[in-house]
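Residues per chain, in single letters:
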Amino acid sequence: MCGIVGYVGKQKAASIILEGLKRLEYRGYDSAGVCVLQDGQLEVAKKIGRVENLTKEAAKHRFTGTTGIGHTRWATHGGVTDANAHPHVSSDGKIALIHNGVIENYGQMKTFLTGKGYTFKSETDTEVLCNLIAYHYAKESPGAGGSRFLESVRKTLTHVEGTYGIAVLCVDCPGEIVAARKASPLILGVGEGEYILASDASALISRTQNVVYLKDGELVHVTPTAFFISTLDQADVSPVVDKITWSIQDAELGTYSHFMEKEIFEQPVALENSMRGRFSEDGSTAQFGGLNLTAAELRQIDRFLFCACGTAWHACLVAEHLIERFARIPVEVDYASEFRYRNTPLHSNTLFLVISQSGETIDTLAALREAKRKGYKALAINNVVGSTLAREADGGIYQHVGPEIGVASTKAFTSQLMVAAMIALYVARMRDMSFSDGVQYVNALKGAPDLVRKALLQAPHIRAIAKRYAGYSDMLFLGRLSLFPLALEGALKLKEISYIHAEGYPAAEMKHGPIALISEKCPSVFFAPNGEIFPKIVSSMQEIKARKGPIIAIITEGAELPPGLADEVITIPECHEAVLPIVSSIPVQLLSYYIAVERGCDVDKPRNLAKSVTVE
Ligand code: G6P
């Protein structure tokens, strides 16, 4: 949420910052801005709308400086206007600031600063922070140059309540940026004779793979030749330089029209990457390197509690089904945003797990911290290496699916389902699952990428269906057991990218409310895999059909529907129960994607949404 880029080096900063902003646009896209320090001035261009608009606006300026900052905004305080876009410059013209997060006590600060003669052009909390830095800068004794700049930022931040990732320029300090973070991600790229700051690696990967992940409460002072990290209470920090393992190609569209499309089709390989090296030599169970729990500790676990937000929460619901079904251990799932305030009673043998693609979702982080505060081991399933979540969790499992850029999660979701299936196997094999059932389960998981490849072959058929259904305004998604979460996910995918109202429900529960919505104007998407419960699902379909509701049925090979019952049929391969949710994801992802494309929606950047939600 909100993207930050900063540059200090020998190149013209503006073009590097604009390129970085383009790559960060999925974090927020209601407005964007850039500020370059040149000719003793802070030159600013900002514009509402996409980075494209900013690029046109920036072309009207003569940006030549080699130090600068830029921002893509997802509005929190103040509407979407040019004035509210970042960077903000202090009213004395000394300080420029970009900010990701929320300053809670900005009201008091604004009153204080107004009393001191500072003025404001925007309605944002960020401009208040900017002026407060300028106030402290003016008060700091001159002489110490850059350190006066650093200390003014440090002093300001000690008065701040809230969250922030910031990058600051000072008109008197060419070649310098001070940046800091608390609950909003910030990475420093260490390039050849240059430094790039960014909210995530995709903005700097084209210039360097060497990065330093800043921690909460740390500040970095970047100068033309070096960088220094310290804490809010002035302790020096020795930096650890990590290497990003993916490359610029992973963050580019290639021949695809949208990142969502690319990421849907990347799923077979993504699943292979999530499984790599994670099965025991005898092929009967899973193994994980980073759980930081002994087998004895794991055997004592008698309850799981999963927390997450959005699509990752749906992955938790699938985990619940698989762990209870195969390992017979009770699982509870909570929204991270609810858990943090609900004061849920936890039992000593509960294992707390969070799932998050980005590892930066503020509510998920808060849930993890709350569980840790209560003394529980808290593990994370997470995609982004080096994320705040990965660093704060007691242990965990990386998904290894590379960058996911489309706002609507696809490959990260199926990879989370794969990890959940592996966890279910791992704990089941520590209990009652036999060796041969384990081998069968492992082989099923290993076969999942090919089954997904097969399901993806349905794309042209699903595209044709999408053309026929793109004009509806309401849709229901219905599924049972492990596919009830898929009904929720199908509905979420459709509503978030095509703006069609959609609801997910357990198929049989449909009689208790949603059936009132059924008419020829409200189609239902049914998950109807072969199996014990198939006849029950067929009955639910009959009830919809009797009320003239159009039906799209997703069946597994070999399932036979009564003739004429479904208006559209999508067939996916028959598969093991642990793999079924993964393979069933493909048709609903493709259906939502093609419907959104048909409706002319901006698939990768749906309105009002952001990829990584770093505010409460
Ligand atoms: C946002 C994204 C969703 C994502 C959710 C949780 O709402 O748009 O796609 O599922 O955040 O994100 P996380 O990074 O924690 O998985």
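Caption draft 1: Examining the site of the ligand more closely. In the vicinity of the ligand lie 13 residues, with Thr-311, Ser-356, Gln-357, Ser-358 and Thr-361 positioned nearest. The separation between an oxygen atom of the ligand and a polar main-chain atom of Gln-357 is 2.7 Å. Interatomic distance of 3.1 Å between a backbone N/O atom of Val-407 and an oxygen atom of the ligand. Coverage of the ligand by the protein amounts to 90% of the 380 Å² it exposes when considered alone. The greatest single-element share of the shell around the ligand, amounting to three residues, is contributed by helix H9 (residues 310-327). Classifying every residue of the shell around the ligand by side-chain character gives five nonpolar, seven polar and one charged.

Caption draft 2: The arrangement of the state of the cysteines in detail. This model, assessed by the stated rule, comprises zero disulfides. Distance from the sulfur of Cys-2, which forms no disulfide, to the nearest cysteine sulfur (Cys-130) is 15 Å. In this model Cys-35 remains outside any disulfide bridge; the closest cysteine sulfur is found in Cys-130, 9.2 Å from its own.

Caption draft 3: Geometry of the domain arrangement of the protein chain. Domain annotation for the protein chain reports domain 1 (3-250), domain 2 (253-452) and domain 3 (457-603). Look at where the C-alpha atoms of domain 2 and domain 3 centre, and you get two points 25 Å apart. Each partner contributes residues to the interface: domain 2 has 32 residues there, and domain 3 has 29 residues. Summing both sides of the interface, domain 2 and domain 3 together bury roughly 2,600 Å²; the carbon and sulfur share of this comes to 75%. At the surface where domain 2 touches domain 3, the tally comes to one salt bridge. Taking the shortest distance from any N to any O, the salt bridge between Arg-325 and Glu-577 comes out at 2.9 Å. Between domain 2 and domain 3 we count eight residue pairs in polar contact (both at pLDDT 80 or more) in total. Listing elements by their share of the side of domain 2 that touches domain 3, those giving two or more residues are helix H6 (259-265), helix H7 (267-275), H9, helix H13 (411-429) and helix H14 (435-456). For the side of domain 2 that touches domain 3, a count of residues per class yields 20 nonpolar, 10 polar and two charged.

Caption draft 4: The pattern of salt bridges, seen in detail. Summed over the entire model, instances satisfying the criterion amount to 32 salt bridges. Residue Glu-272 is joined to Arg-453 by a salt bridge in which the shortest nitrogen-to-oxygen separation is 3.1 Å. With Glu-272 in helix H7 and Arg-453 in helix H14, this pair connects stretches of sequence that are 181 residues apart. You can call Glu-272 partly exposed: its relative accessible area is 28%. Overall, Arg-453 belongs to the partly exposed group, its relative accessible area being 34%. In this structure, Arg-342 engages Glu-332 in a salt bridge whose closest nitrogen and oxygen atoms are separated by 3.8 Å.

Caption draft 5: Inspection of H14 at higher detail. The end-to-end C-alpha distance of H14 is 32 Å, a good match for the 32 Å that 22 residues give at a rise of 1.5 Å each. The sharpest bend along H14 comes to roughly 40°, located at Ala-448, with the proline Pro-449 sitting one to four residues further on. Within H14, burial applies to Gly-438, Tyr-441, Val-442, Ala-444, Leu-445, Ala-448, Pro-449, Leu-451, Val-452, Ala-455 and Leu-456.

Caption draft 6: A look at the packing of helix H15 (residues 459-469) against helix H18 (residues 580-598). Their axes nearest at 8 Å, the elements H15 and H18 cross at an angle of 50°. Classed by the angle they form, the pair H15 and H18 counts as oblique. As H15 runs across H18, the sense of the crossing is right-handed. On H18, the residues that touch Ala-459, Ile-462, Arg-463, Ile-465, Ala-466, Lys-467 and Tyr-469 of H15 are Pro-587, Leu-590, Leu-591, Tyr-594, Ile-595, Val-597 and Glu-598. In terms of residue class, the contact of H15 with H18 is built from 11 nonpolar, no polar and three charged.

Caption draft 7: Region of interest: the environment of Gly-277. Considering the arrangement of structural elements, one finds Gly-277 in the loop between H7 and helix H8 (295-300). Put simply, Gly-277 and Thr-350 are 73 residues apart on the chain and 27 Å apart in space, counted from C-alpha to C-alpha.

The rules behind the values
Residues numbered from 1 in each chain as written. Predicted model: local features only at pLDDT ≥ 70, side-chain atom pairs only at ≥ 80, totals over all residues. Heavy atoms only, no water. Near = heavy atom within 4 Å. Polar contact = N/O pair within 3.5 Å; in protein donor to acceptor, adjacent residues only side chain to side chain. Areas by Shrake-Rupley, 256 points an atom, 1.4 Å probe, with all protein chains shown as cover. Helix = DSSP H or I, 4+ residues; strand = E, 2+ residues; numbered from the N terminus. Nonpolar A, V, L, I, M, F, W, Y, C, P; charged D, E, K, R; others polar. Disulfide = S-S within 2.5 Å. Domains from an automatic or database assignment. Contact = heavy atoms within 4.5 Å. Buried area = accessible area lost by both parts, 1.4 Å probe. Salt bridge = Lys/Arg side-chain N within 4 Å of Asp/Glu carboxyl O. Buried < 20%, exposed > 50% of the residue type's maximum accessible area, 1.4 Å probe, protein only. Expected span 1.5 Å × (residues − 1). Bend = angle between axes of the 7 residues up to and from the residue. Axes fitted to C-alpha atoms, helices over the stretch in contact; angles between N-to-C directions. Parallel < 35°, antiparallel > 145°, perpendicular 65-115°, else oblique. Left-handed = near helix turned anticlockwise from the far one by under 90°.

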